[in-house]
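The lines below spell out each chain.
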Amino acid sequence: MNSISYDIDSSHRDAASEAARLQVQATAGWTKEMRNLTGFGLRDGMAVLEVGCGPGYITEHLLKALPTSRITAIEIDAALAQQTADRLGSCDRLQIVHAALLDAELPDAGFDFAIARLVFQHLPDPVAAAVGILRMLKPGGKLVIVDSDDALWGLSDPEIPEMDAALQIYGHAQAAQGGNRRIGRALLRILEKAGFVNLDLEALLNHSDLLGLDALLPHLDPDRLLPLVAHGAMSGSTFAAFKASQMRFTEATAPLLMMLLLMACGEKPG
Ligand SMILES: C[S@@+](CC[C@H](N)C(=O)[O-])C[C@H]1O[C@@H](n2cnc3c(N)ncnc32)[C@H](O)[C@@H]1O
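Just so you know, the residues in each chain are numbered from 1, in the order the chain's sequence is written. pLDDT decides what is reported in this predicted model: residues at 70 or higher carry local features, side-chain atom pairs at 80 or more are listed and counted, and totals for whole chains, interfaces and linings draw on all residues regardless. Hydrogens and water molecules were not included; the side-chain quantities draw on all heavy atoms of the structure.

Q: Tell me what's going on with the overall build of the protein chain, and back it up with residues and numbers.
A: Runs of E in the DSSP output that reach at least two residues are strands. Runs of H or I that reach at least four are helices, and both are numbered from the N terminus. Secondary structure assignment for the protein chain yields ten helices and eight strands. Relative to a compact globule of 270 residues, whose C-alpha radius of gyration would be 18 Å, the protein chain shows 18 Å and is just as compact. Projected onto its principal axes, the C-alpha positions of the protein chain cover 55 × 35 × 35 Å. Accessible area is worked out with a 1.4 Å probe on protein chains only. A residue is then buried under 20% of its type maximum, exposed over 50%, and partly exposed in between. Within the protein chain, buried positions represent 51% of all 270 residues. Any two residues having at least one pair of non-hydrogen atoms within 4.5 Å are treated as being in contact. Long-range contacts, defined here as pairs at least 24 residues apart, represent 78% of the contacts in the protein chain between residues at least 6 apart. Put simply, the radius of gyration uses C-alpha atoms, and a globule should come to 2.2 Å times the residue count raised to 0.38.

Q: Break down the site of the ligand for me, with residues and values.
A: Distances are taken per atom, and a residue is near a molecule or strand as soon as one of its heavy atoms is within 4 Å of it. Taken together, 18 residues lie near the ligand, and Gly-52, Gly-54, Glu-75, Leu-101 and Arg-117 sit nearest. Contacts described as polar in this section are N or O atom pairs within 3.5 Å, which, within protein, must combine one atom able to donate a hydrogen with one able to accept it, while residues neighboring in sequence count only if both atoms come from side chains. Take Glu-75: an N or O atom from its side chain is 2.5 Å from an oxygen atom of the ligand. Between the ligand and Ile-76, the relevant distance is 3.3 Å, taken from a nitrogen atom to a main-chain nitrogen or oxygen of the residue. The method behind every accessible area is Shrake-Rupley, applied with a 1.4 Å probe, and residues are considered shielded solely by the protein chains displayed. When isolated, the ligand has an accessible area of 600 Å², and the protein chains bury 99% of it.

Q: Can you lay out the environment of Leu-63 for me, pointing to particular residues and giving the numbers?
A: On the secondary structure map, Leu-63 appears in helix H3 (residues 57-65). For the pair Leu-63 and Leu-88, spaced 25 residues apart in sequence, the C-alpha to C-alpha distance is 9.3 Å. In this structure Leu-63 touches Ile-71, Leu-88, Cys-91, Arg-93 and Leu-94, once residues within four positions along its chain are discounted.

Q: Provide a residue-level description of the environment of Ile-169, including the pertinent values.
A: Relative to the helices and strands, Ile-169 is located in helix H6 (residues 163-176). Residues Ile-169 and Leu-225 lie 56 residues apart in sequence; the distance between their C-alpha atoms is 9.4 Å. Once residues within four sequence positions are removed from consideration, Ile-169 is found in contact with Leu-228, Ala-233, Met-234 and Thr-238.

Q: Run through the pattern of salt bridges, naming residues and quoting values.
A: By salt bridge we mean one thing: a side-chain nitrogen of Lys or Arg within 4 Å of a carboxyl oxygen of Asp or Glu. Under the definition given, this model contains eight salt bridges. A salt bridge links Glu-60 to Lys-64; the nearest nitrogen and oxygen atoms lie 4.0 Å apart. In this pair, Glu-60 and Lys-64 are both assigned in helix H3, four residues apart and thus about one turn of the helix distant. For Lys-64, a relative accessible area of 62% corresponds to the exposed category. Note that Glu-60 and Arg-87 form a salt bridge whose closest N and O atoms lie 2.7 Å from each other.

Q: Account for helix H1 (residues 15-28), with residues named and values stated.
A: Expected helix span is computed as 1.5 Å times (number of residues minus one). For H1, with 14 residues, the first-to-last C-alpha span of 20 Å sits near the 20 Å given by 1.5 Å per residue. Taken together, the buried positions of H1 are occupied by Glu-18, Ala-19, Arg-21, Leu-22, Gln-25, Ala-26 and Ala-28. Buried residues in H1 make contact with helix H2 (30-39), H3, helix H4 (78-88), strand E4 (111-117) and helix H8 (208-211).

Q: Can you tell me about the state of the cysteines, naming the residues and giving the values?
A: In what follows, a disulfide is any cysteine sulfur pair within 2.5 Å. Summed over the entire model, instances satisfying the criterion amount to zero disulfides. No disulfide involves Cys-53; its nearest neighbouring cysteine sulfur is the one of Cys-91, lying 13 Å away. Given the relative accessible area of 5%, Cys-53 is considered buried.

Distances and angles like these do not, on their own, reveal function.
Structure representation (structure tokens):
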């Protein structure tokens, strides 16, 4: 459970550009995401647990959107936990816990609402993780897992023909580390197996015509594939073909991108 397929230093081109991508990703669709979280029952004043806060961009949004809530953010990566602390640590409503989720020494039934965003796809045992979160929720408390599924990533117009092959290679590499880039379809079953009830699922759809292309473009940055080339998982020619198509896409007359995230919600019985 503690070995994860997310390592900001080695699985991405460089930590700074990955943090920048996460910032864009956290901010671009936040209004809609918060709308869905509110629809699932998130309210100001609740005690909120954020699992895998990374560099803390969602944490920052949550602190602003919930001005009287206490937020506890767990992060396994020391540098990312520190980055969040450096930026947000002065807020006395925020507790940052540097630990793996299942090792975090947090009390039973301490939270009204938990959010795990783009974390479950990196966990070798997602049901165990959900059970761990269930323990920390109050009866009636909710967990929302926000994650993706490569079969439903979205679309680009013009198309990038190499996208499917690139995602397949990416998926195999992440699976080899215990992750699952097709976890979106399984989120409801994970919640059910862990003991959650009153399950629900929403889509979070981001469109470049609403957000601007720059808000979504970092996800298509070909350089994100460079570590796969370096590890021999992707050939240089596949990378070059992807890069050429991505350039044709950005230089097209009116390129557009639609990207999908899934938000699954479950409630702790009782
Ligand atoms: C892709 S990042 C997403 C960060 C943030 N949730 C966001 O949406 O911007 C996934 C984060 O989960 C963290 N993580 C992965 N497994 C974890 C675990 N078992 N316990 C705590 N954090 C974990 C990673 O270190 C990483 O910071």
